[in-house]
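# Working through the structure, step by step
The residues making up each chain are set out below.
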Amino acid sequence: MTIWQDLRDHAEAVKSRRIAELFENDNRAAEFTAEFGGFMFDYSKTNIDAKARSLLLRLAEKQGVAEKRAAMFAGKKINETERRAVLHTALRNLDGEVMVDGHDVMPAVRETHARMTAFARDIRAGRYTGQGGAITDVVNIGIGGSDLGPAMATLALAPYHNGPRVHFVSNVDGAHIHDTLRGLNPETTLVVVASKTFTTIETMTNAETARRWMAAAVADPGAQFAALSTAAEKTAAFGIDGSRVFGFADWVGGRYSMWGPIGLSLMLAIGPENFDAMLAGAAAMDAHFCDAPFAENLPVLLALVGIWHNQFCDYATRAVLPYDQRLARLPAYLQQLEMESNGKRVSMDGADLPYHSGPVVWGEPGTNGQHAFYQLIHQGTRIVPCEFMLAAQGHEPDLAHQHLLLVANCLAQSEALMRGRDLAEATEIMRKKGLEGEELDRQARHRVFPGSRPSTTLLYPKLTPEVFGGIIALYEHRVFVEGVILGINSYDQWGVELGKELALALAPVLEGTADGAGKDGSTLQLAGRIRALRGV
Ligand code: F6P
């Protein structure tokens with residue numbers, strides 16, 4: 001454990017050093033920036049110095065990141081608690097060969113990708129129609145990884161939409177599907193039921209509702225349904241013809257699944273060529289992750305910055321702040337990717353973790369966040385490392401002046417976080433406004449920014465499908481590296497199970513058909529009041 005201890009000691013030793021001091025080295029910005037394929041990752045506005053970086057790089061080596069990475073790409077069953085391989089990368093490396101349990105899984109991946117492509121082309125060209133003609137609207141029903149990825153990506157790639165409108169329904173709250181279906185024409189709508197397991201209660205309940213809605217207007221409702229799932233028997237039992245079922249293997253985790261069949265709705269919106277460009281961007285990031293030395297490896301560096309802040313500086317959260325409105329759903333997507341993956345309490349062998357697992361991830365696009373929670377980031381008592389993301393160019397040439405303002409705001413925030421404003425500066429500003437004496441001192445103190453608050457900036461040229469694919473693959477691998485360093489299984493999610501079980505048991509209590517024996521007083525009181533209010 002000596003590297004851990006060395007890092008702890010170093011973090012303690014530099015705790016009160018101001019980040020700005022590190023820029024006395026004129027080369028700091030270049031030395032603490034890594035680049036690949038148009039991406040520039042600047043982590044110079046953190047308190048990581050050369051010593052911290054070299055210790056962090058050694059930690060990554062010692063924890064076996066390279067060996068685990070090789071095992072993952074080779075199809076080894078690194079998801080040990082579910083005894084599964086972790087091969088979402090195979091979905092975007094279509095020319096590859098990957099062996100799982102002694103056989104090459106790629107022919108099946110290629111075949112499904114080709115079927116998806118043909119289906120998407122048929123829908124988009126109006127060759128596969130609904131009862132009322134060409135499909136105008138697609139309703140994707142899924143939740144978690146079967147929703148967040150494609151929904152986030154569909155918004156991110158809006159400039160590339162040239163197919164049917166795509167809508168996403170996830171919540172079991174009937175309001176979601178009600179508000180989505182209202183105004184749609186069932187005769188020209190395709191419903192895509194996205195569920196790896198095809199058992200998720202929210203998705204199956206919404207799928208039944210959609211089927212009733214469709215059946216009320218369409219003679220053959222099943223013909224306007226497609227399914228994306230690993231559970232072929234269950235999709236058949238639901239009545240969806242095998243020609244419109246797109247399967248995948250259990251080695252694609254839900255939150256890593258947008259690259260294959262779970263991405264069908266996105267493919268319908270942007271077309272197979274743009275979808276494939278996204279895959280290519282992700283595959284390029286995979287190759288970089290596999291080949292680049294750790295000190296230049298974007299996913300490794302992103303992970304090491306995360307580990308430094310979370311494990312050694314004890315910052316409990318991190319804010320993801322895309323200055324890119326179309327990445328508005330990225331923070332929600334990353335919440336699942338990072339928190340479902342690395343929010344664990346035991347290490348791979350079942351022992352209690354001797355340190356914290358992954359941080360709380362949250363955020364909003366800039367500049368909106370600036371007018372909401374940045375107050376706390378600048379002046380609150382807790383430090384929140386900020387991860388800024390920024391495109392050099394937008395997609396709207398006639399609105400370039402707006403994009404420039406967006407960029408200026410992003411750079412201003414990271415500068416302000418690092419630089420701060422001390423009491424002398426704040427006092428001078430208030431003195432110029434005519435204040436003096438005690439009132440001057442009191443007012444000035446409210447205007448102090450402590451500064452030295454860490455941030456990173458990921459700069460990319462423009463949010464094209466390739467770049468977007470690269471960004472998501474970057475974050476996937478970051479999660480992997482952090483998980484390996486922490487010694488946890490990033491690919492299971494047992495923590496979601498208990499609530500699901502209890503919800504099933506509570507439904508009859510709410511209906512009044514079970515008495516809830518053994519439940520706590522608070523839950524019974526709430527259930528009783530709800531029954532009364534609902535007139536049960
Ligand atoms: O509840 C968690 C979870 O299992 C996620 O991991 C998954 O992405 C989501 O539910 C949806 O699962 P499915 O695709 O099987 O419906």
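Scoring rules and cut-offs
- Residues numbered from 1 in each chain as written.
- Predicted model: local features only at pLDDT ≥ 70, side-chain atom pairs only at ≥ 80, totals over all residues.
- Heavy atoms only, no water.
- Helix = DSSP H or I, 4+ residues; strand = E, 2+ residues; numbered from the N terminus.
- Pairing = 2+ DSSP bridges.
- Axes fitted to C-alpha atoms, helices over the stretch in contact; angles between N-to-C directions.
- Contact = heavy atoms within 4.5 Å.
- Core = buried A, V, L, I, M, F, W, Y, C linked by side-chain atoms within 4.5 Å.
- Buried < 20%, exposed > 50% of the residue type's maximum accessible area, 1.4 Å probe, protein only.
- Domains from an automatic or database assignment.
- Near = heavy atom within 4 Å.
- Polar contact = N/O pair within 3.5 Å; in protein donor to acceptor, adjacent residues only side chain to side chain.
- Areas by Shrake-Rupley, 256 points an atom, 1.4 Å probe, with all protein chains shown as cover.
- 1 Å grid on protein atoms, 1.4 Å probe; cavity = no way out; pocket = protein on both sides within 12 Å on 5 of 7 lines; lining within 4 Å.
- Sits in = over half its atoms within 2 Å of the grid points.
- Nonpolar A, V, L, I, M, F, W, Y, C, P; charged D, E, K, R; others polar.
- Parallel < 35°, antiparallel > 145°, perpendicular 65-115°, else oblique.
- Left-handed = near helix turned anticlockwise from the far one by under 90°.
- Buried area = accessible area lost by both parts, 1.4 Å probe.
- Salt bridge = Lys/Arg side-chain N within 4 Å of Asp/Glu carboxyl O.
- Expected span 1.5 Å × (residues − 1).

This brings us to unusual backbone geometry. In the segment running from G366 into T367, the intervening peptide bond is cis, with an omega of 10°. Within the fold, T367 resides in the loop between β13 (360-363) and α14 (374-379). Despite not being glycine, D101 shows a phi value in the positive range, around 50°. Structurally, D101 is set in the loop between β3 (99-100) and β4 (103-104). Phi at S452 takes a positive value of approximately 55°, unusual for a residue other than glycine. Note on placement: S452 falls in the loop between α17 (437-446) and β15 (455-460).

We now examine the sheet that holds strand β7 (residues 137-141). Strand order in the open sheet formed by five strands is β8-β7-β9-β10-β11, with parallel pairing between adjacent strands. Sheet topology places β8 (165-169) and β11 (245-247) at the edges, where each strand pairs with a single neighbour. Geometrically, the sheet is characterised by an average inter-axis angle of 20° between neighbouring strands, direction not taken into account. For strand β9 (residues 189-194) and strand β10 (residues 225-229), the ladder comprises four bridges, and the chain directions are parallel. Within the sheet, the bridge partner assigned to V191 lies in β10 and is F225. Each of β7 and β8 is contacted by helix α7 (residues 174-181), which is oriented at about 165° to β8, the strand it contacts most. Across the face of the sheet, helix α8 (residues 201-215) comes into contact with β7, β8, β9 and β10 while running at roughly 160° to β9.

This next bit is on the nonpolar core. Ranked by internal contacts, the top residues of the largest apolar core, which has 113 residues, are W251, F468 and I471. Ranked by the residues each element gives to this core, the list is headed by helix α18 (residues 465-486), at 13 residues. Here this core spans two domains, since at least three of its residues come from each of domain 1 (20-75 + 277-419 + 453-492) and domain 2 (105-270). If near-sequence neighbours (up to four positions away) are discounted, F468 is found in contact with M152, A153, A156, L157, M258, M278, L327 and L463. Core analysis: the next-biggest nonpolar cluster, separate from the first, contains 21 residues, L181, L184, M214 and A231 among them.

All right, on to the site of the ligand then. If you check the shell around the ligand, you find 14 residues, and the closest are S146, S195, T197, T200 and E340. Interatomic distance of 2.7 Å between a side-chain N/O atom of E340 and an oxygen atom of the ligand. Taking K500, its side chain carries an N or O atom lying 3.2 Å from an oxygen atom of the ligand. Surface burial for the ligand is 87%, taken as the share of its 390 Å² of free accessible area covered by protein chains. More than half of the atoms belonging to the ligand lie within 2 Å of the grid points that define the largest pocket. Residue composition of the shell around the ligand, by class: two nonpolar, nine polar and three charged.

Our next topic: the packing of helix α11 (residues 272-291) against α18. Close contact between α11 and α18 brings their axes to 7 Å; oriented N to C, the two are set at 40°. Classified by the interaxial angle, the pair formed by α11 and α18 is oblique. As for how α11 packs across α18, the hand of that crossing is right-handed. Residue-level contacts link N274, A277, M278, G281, A282, M285, D286 and F289 of α11 to P465, E466, F468, G469, G470, A473, L474, H477, F480 and V481 of α18. In terms of residue class, the contact of α11 with α18 is built from eleven nonpolar, five polar and two charged.

Next up on the list: the domain arrangement of the protein. Here the protein is described as being made up of domain 1 (20-75 + 277-419 + 453-492), domain 2 (105-270), domain 3 (420-452) and domain 4 (495-534). Relative placement of domain 1 and domain 3: their C-alpha centres are 34 Å apart. Together domain 1 and domain 3 conceal approximately 670 Å² of surface at their shared face, both sides included; 38% is due to carbon and sulfur atoms. For domain 1, the biggest contributors to the area lost against domain 3 are Q379, R419 and R453; these three give 67% of the whole. There are zero salt bridges connecting domain 1 and domain 3. Our enumeration of links across domain 1 and domain 3 arrives at six residue pairs in polar contact (both at pLDDT 80 or more). Elements that contribute at least two residues to the side of domain 1 that touches domain 3 include exactly α14 and α15 (400-419). Here the side of domain 1 that touches domain 3 takes five residues from α15, the largest share from any one element. Among the residues forming the side of domain 1 that touches domain 3, the class breakdown is four nonpolar, two polar and three charged.

Attention shifts here to α8. Given a rise of 1.5 Å per residue, 15 residues ought to cover 21 Å, and the 21 Å separating the end C-alpha atoms of α8 matches this to within 8%. Against the buried residues of α8 lie β7, β8, α7, β9, β10 and α9 (232-238).

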